[in-house]
Amino acid sequence: MESIIYYISKQLSKRGIDDVVVTSSEMEGKHLKFVNNKVVKTGSELTSSISIFCSKDKKIIYTSLKDMSKSKADELMKKIMEFSRDIQPNEDYYGIAKGPFRYKAKVDYDRGIMDMNESDILEKGINKALESSKRTTGDFEILHLKTHLVTSGSVDVLDHSSSLYFSIRAFNKKDESGHMTCCSNTLKNFQIEKTSERAAEIAVLAKAPKEVKSGRYPVIFSHMAFAPLLNNISEAASIYNVESGFSFLKRLNGRYGNFTLMDDGTLPDGFNSCRFDEEGVPTKRTVMVDRGILKTYLHNASTARKYRTETTANAGLISPRPFNIVFDCKKGDIFDVKEGIYITNVWYTRFQNYAEGDFSTIPRDGAFLVKNGKIVQSLKGLRISDNMLNLLRNIKCCSKDVLQIKSWEAEIPAFTPEVLVDDINITKAEH
Amino acid sequence: MHEEIAEFSLKKAQELGCRYVEVRVEERSSNGFVLKNGNPDISGFDMISGIGIRYLINNNLGFVSTNNFDREKISQILRRSVSTTRNSSRISKDVCFSDEKKEAARYKVAQREKIQDFTGDKKLNILKEIDGGIKKLPQRYLTLHDEIAEKYYLNSEGSRVYSFIPKISLMYFLTISESKKSIQRYMSHGSSSGYEIIKKWNLIEKIPEEAEILKDNLVNGIKSPKGDMDLVIGSEVAGIAVHESVGHPYETDRILGREAAQAGESFITNKMLNTKIGSKIVNVIEDPTLENSYGFYLYDDEGVKARKKYLIKNGMVNEFLHNRETAFEMNTHSNGCSRANNYDVEPLIRMSNTYVKSGDSSEDEIIRETKKGIYMKSYMQWNIDDKRYHQRYTGGEAYMIEKGELTRPVIAPVMEVKTPTLWSSIDMIGNKIEMYAGNCGKGNPMQGIPVYFGGPVMRLKNIMVK
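The numbers attached to residues start from 1 for each chain and follow its sequence in the written order. Each chain gets a letter, beginning with A, and each ligand a number, beginning with 1, in the order they are written. With the structure being a predicted model, the display of local features is reserved for residues of pLDDT at least 70 and the display and counting of side-chain atom pairs for 80 or more, all residues being used for whole-chain, interface and lining totals.

Caption draft 1: Focus on the overall build of chain B. The helix and strand inventory of chain B stands at 10 helices and 25 strands. When we talk radius of gyration, it's over C-alpha atoms, and the globule rule is simply 2.2 Å times the number of residues to the 0.38. On C-alpha atoms alone, chain B measures out to a radius of gyration of 24 Å, which is about the 23 Å that the 2.2 N^0.38 rule sets for 466 residues. The dimensions of chain B, computed from C-alpha atoms along their principal axes, are 75 × 55 × 35 Å. Put plainly, a residue is buried at 20 or more neighbouring C-beta atoms within 10 Å of its own, exposed at 12 or fewer, and partly exposed in between, counting only other residues' C-beta atoms, which are placed from the backbone. Counting only residues that meet the buried cut, chain B has 55% of its 466 residues in that class. By definition, any uninterrupted DSSP run of H or I lasting at least four residues is a helix, any uninterrupted run of E lasting at least two residues is a strand, and each is numbered from the N terminus.

In structure tokens:
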């Protein structure tokens, strides 16, 4: 595999391709899916692949190779050359990053995760939740990945990563559930029992939910509930999404509230941390929003050249993307509300208009009416129907405790506190 | 196709003690194009092949996949996978499959204008021609994707099924602005066919027309009235509603809780079969065998023959969507709904082509017989809770209906309604069906799978509009 990526890189350059980025990945994974406290499927995966990005006279081609033989690589390169004659140039393309680079970030790595007894670990997680809930459902994933990146911009870099992910939803009676996830690059930082305990705790609190009256409320977002929204906000900071109409963050240097939003691919325990981005630029911490002011969009080398700025090391060769989101704002008592709603999870966030920020999302699992700082009633059947710019403007304060959240709704890991947001529109289906 | 490797893998799994084994070998070749604001952003092609093996050992279910076709490598990862399944057996559920007929079939979807014969330039020009008619819009994002999926399925009960399915899909996302206001339009079209479908879609004419209508709506639309009123919904809205609030809750893996941690459960229970869920004129059909449909297949990924099903018949819950595992648990037979979006993931219960059966009324008659209400012809946004009970649809193209006529455009009317209310309030159904394409997400890892949904224009009597 090593020799094939050098071969492809050299051969494509020889054949007149201007920019070449070749990435090989070898992935080994295990997956246990559990339903009603029992494992219903074990999964194993072994995949090797080489992805190839190249440009010829500004014509951009993306493809991959799954059969690692030299003859298949030759066939593929022949097709790339034919394909490049057939397509048209991207006038907005300004080339890949030029190296070589020095890589400083040290990301946590656990070589032993593939050999551990995953059933024993999962059993502990399930049993912990069953101490206070009746049934549990979820997933446990273990992954090992080796990535090797070679580019025509003098980049040749290798990385190993390991990851563990656990998602558990605990149930008691009808409509009484709690959901929590945890993720880590190492077994020692993987808090499966604590995660299960939290899911079950929410399920217990969610006892006998009632419908809430529609209206505007202060809303306290738990870690799980805020992470999906941070995904939406950070994706809106990708210059690609701004250009395409998928972003409500349209005013660079404009004020959006009073919070700080960063991307950081260098965090040792960041689930998506990596020493380099997709074109080999060393990752770094980028402050996207500094105390409310949008300081930069996320860029790769090409988009940065277009806008006469520096890359933020967020390639995505086509669309810049965040690695790990980090959120911060004024610390305070998030439960300091006269009458508000505490939401522990959201689901199915959809935009009516990305450019304006109009969206709605559905709280799921435990949601609670809070009066004078105390949870007084479990809720169901509610929906947030509001505008993302309003939400950002109305962020009041956050808790001190920060958790790293990755979930089905938050694919980009987010380091987030719990957050109090004022004046959120709550709607529901009346009939 | 690596058919001999599939046979080898099946035997190897049996040698390791697996009571039941099924193998899918897949080869997918695809091309993709993105045109962003008139600029060819990226073009790509891909060839993916791999093998997925699902097995039962001591009644525990295991799945393993790889794109390495070396026999020794396959043997090695099968041994490792079986060992993982055995290790977890003390905390595993016993899984059984319903008895199903052994199938042997080979089928191909014909292409008149073959994907293989179209050059990249020709494909990109399809997007450019469409873009040519909407250049005035500030932001246009268009994608074209084609794929040929060859699949060979076999199981230890003797089934052998080969399929060859070409698919084309085209998506557009437009931002229409006027006087600091904007409206956005997202739509996708899809088909199991060759490129002959492009002419049939006629998007070169339709998309600029849609953009003009939405601009008029933005400029001249009035604020939506609120309260209970008659709401006429277009095929597009009927389609998303039937997919979200009938198709999904009828998936038995949801009903039995198997997808609870991610895609959710269902408000429907097994006891609700043959009970009333909608008005008498409502019939909902799920049919993978519709020719050239985006969700087309003839045999599912458990080798079960696909067939047309009535999910709702004359307003009654009639049939659920099953795979072999849920069919066994509910003491019935699979109706062929098990699909995986690639060789490397397990098959799940999925919809294919889901629609409301047509009724007797024309669109004109439905409007004419509505004294006061709203016609929500298309939608901009929707969502539904994870039990598929509380849903919301925000109108895109929408009009007031006054004295049986469409009058002024309406901006973003909202229907936020419970599922039984929605399907029980239908009192008129149109006689013409339109279908729309989508990629439906489910499972972990997430599987986006091609689906098709639609229906006729329908009237909902006395529904709350916001």
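From this point, things continue past the structure.
Caption draft 2: Representation of the sheet that holds strand β23 (residues 434-442) of chain B within the structure. All names here are of chain B. Strand pairing follows a simple DSSP-based rule, namely that at least 2 bridges must link the two strands. In spatial order, the strands read β12-β11-β10-β15-β24-β23; together these 6 strands make up an open sheet with mixed pairing. Edge positions in the open sheet fall to β12 (316-317) and β23, since each of these has one partner strand only. Bridge count between strand β10 (residues 284-286) and strand β11 (residues 309-313): 3 bridges; the pairing is antiparallel. Residue pairing for β11: glutamate 286 is matched across the bridge by lysine 309. In this fold helix α6 (residues 235-247) packs onto β10, β11, β15 (353-356), β23 and β24 (447-455), with an angle of close to 125° to the strand it touches most, β24. Here the contact rule is simple: place C-beta atoms from the backbone, and any two residues whose C-beta atoms are within 7 Å are in contact. What counts as an axis is a line fitted to C-alpha atoms, over the stretch in contact for a helix, and the angles between N-to-C directions run from 0 to 180 degrees.

Caption draft 3: Representation of the interface of chain A and chain B in the model. Of the residues lining the interface, 64 residues belong to chain A; the matching set on chain B comes to 66 residues. The leading source of residues in the side of chain A that touches chain B is strand β2 (residues 38-56) of chain A, at 12 residues. As a working rule, the residues Ala, Val, Leu, Ile, Met, Phe, Trp, Tyr, Cys and Pro are called nonpolar, Asp, Glu, Lys and Arg charged, and the rest polar, with Gly in that last group. Residue composition of the side of chain A that touches chain B, by class: 21 nonpolar, 24 polar and 19 charged. Note that β2(A) and strand β3 (residues 60-66) of chain B share 5 bridges and pair parallel. Note that in β3(B) the partner of A:Ser44 across the bridge is B:Val64.

Caption draft 4: Structural detail: the nonpolar core. Formed by 184 residues in total, the largest nonpolar core has its most connected members in A:Ile341, A:Ile343 and A:Ala414. Looking at this core element by element, the count peaks at 8 residues for helix α5 (residues 223-236) of chain A. Those residues in contact with A:Ile341 that lie beyond four places of it in its chain are A:Val212, A:Tyr217, A:Val219, A:Ala367, A:Phe368, A:Leu369, A:Val370, A:Leu379 and A:Ile426. By size, the runner-up hydrophobic cluster in this structure holds 66 residues, among which are B:Val242, B:Tyr250, B:Val284 and B:Cys337. To form a nonpolar core, buried Ala, Val, Leu, Ile, Met, Phe, Trp, Tyr and Cys residues must be joined through C-beta atoms within 7 Å.

Caption draft 5: Geometry of the domain arrangement of chain A. Residue and element names in this part refer to chain A. Where each domain begins and ends is defined by an automated method or by a domain database. Considered domain by domain, chain A is made up of domain 1 (2-203) and domain 2 (209-427). Domain 1 and domain 2 are separated by 23 Å when their C-alpha centres are compared. Taken together, the contacts link 39 residues of domain 1 with 31 residues of domain 2. Of all the elements in the fold, those that place two or more residues in the side of domain 1 that touches domain 2 are β4 (135-151), β5 (155-171), β6 (177-184) and α4 (192-205). Broken down by element, the residue count for the side of domain 1 that touches domain 2 peaks at 7 residues, all from β6. Considering only residue class, the side of domain 1 that touches domain 2 consists of 18 nonpolar, 13 polar and 8 charged.

Caption draft 6: Just the environment of B:Asn37, in detail. By the secondary structure assignment, B:Asn37 is in the loop between β1 (20-36) and β2 (39-57). Taking the C-alpha atoms as reference points, B:Asn37 and B:Lys135, separated by 98 residues in sequence, lie 7.9 Å from one another.

Caption draft 7: Representation of the sheet that holds strand β12 (residues 325-329) of chain A. All names here are of chain A. Here we have 6 strands laid out as an open sheet, ordered β11-β10-β9-β12-β21-β20, and mixed in their pairing. Both outer strands of the open sheet, β11 (293-294) and β20 (403-405), are each paired with one neighbouring strand and no more. For strand β10 (residues 285-290) and β11, the ladder comprises 2 bridges, and the chain directions are antiparallel. Directly across from aspartate 290, in β11, lies its bridge partner isoleucine 293. Against the sheet, α5 touches β9 (259-264), β10, β12, β20 and β21 (414-416), its axis set at about 125° to β21.

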